[in-house]
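Listed below are the residues making up each chain.
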Amino acid sequence: MNSHELPAALSGHDRKRIEKQVADLRQSANGSGTISVFLPTTRQVIILVARDGDVVSWCLMPARDQGSAHKLKALLEHVLKRELESACRDVKAIADAAIGRASRIA
């Protein structure tokens, strides 16, 4: 996902900030973490969750100011990480079941 695919009206400055943070995250040790950017023009905060260098989840929420954006980030970062962990567990369980089933048939 790149910043052009995000459902927000981003200024050129905001777009560059997001792209730089995503690039920095991809270059980090494991490429996983969260990015949050307050968009003052639209009074929104965008939170991106990355895993292994790819954006896997995101949330766009209204935020009155930088302080509100920070509070939302703290709350949503936890929720989005748990959502991702749950989805990964489900996918792993389905894959393991499919592999087990295929090995029994073969």
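Refer to the structure above for everything that follows.
Residues numbered from 1 in each chain as written. Predicted model: local features only at pLDDT ≥ 70, side-chain atom pairs only at ≥ 80, totals over all residues. Heavy atoms only, no water.

(A) Representation of the environment of alanine 97. Tracing the chain through its elements places alanine 97 in helix H2 (residues 66–105). Given a relative accessible area of 47%, alanine 97 falls into the partly exposed group. (Helix = DSSP H or I, 4+ residues; strand = E, 2+ residues; numbered from the N terminus. Buried < 20%, exposed > 50% of the residue type's maximum accessible area, 1.4 Å probe, protein only.)

(B) Highlighting unusual backbone geometry. The phi angle at arginine 43 is positive, at roughly 55°, despite the residue not being glycine. Relative to the helices and strands, arginine 43 is located in the loop between strand E1 (33–39) and strand E2 (44–51).

(C) Broad picture of the pairing of E1. Among the seven residues that make up E1, five are buried, leaving the element largely enclosed by the rest of the structure. Direction of pairing for E1 relative to E2: antiparallel, over a ladder of seven bridges. Counterpart to valine 37 in the pairing with E2 is isoleucine 46. Connecting the antiparallel pair E1 and E2 is a turn made up of four residues, with arginine 43 showing a positive phi of about 55°. (Pairing = 2+ DSSP bridges.)

(D) Molecular detail of the side chain of aspartate 14. Position of aspartate 14 relative to the elements: it lies in helix H1 (residues 12–27). Beyond its immediate chain neighbours, meaning those up to four positions away, aspartate 14 contacts Leu39 and Pro40. (Contact = heavy atoms within 4.5 Å.)

(E) Broad picture of H1. Taking 1.5 Å per residue, 16 residues should reach 22 Å; H1 reaches 23 Å between its end C-alpha atoms and fits that length. Every buried residue of H1 is accounted for by Asp14, Ile18, Val22 and Leu25. Down the axis of H1, the buried side of the element spans an arc of 65°, and every buried residue falls inside it. The exposed residues of H1 that point more than 90 degrees off its buried face are His13, Lys16, Lys20 and Gln27. (Expected span 1.5 Å × (residues − 1). Arc of directions from axis to C-beta.)

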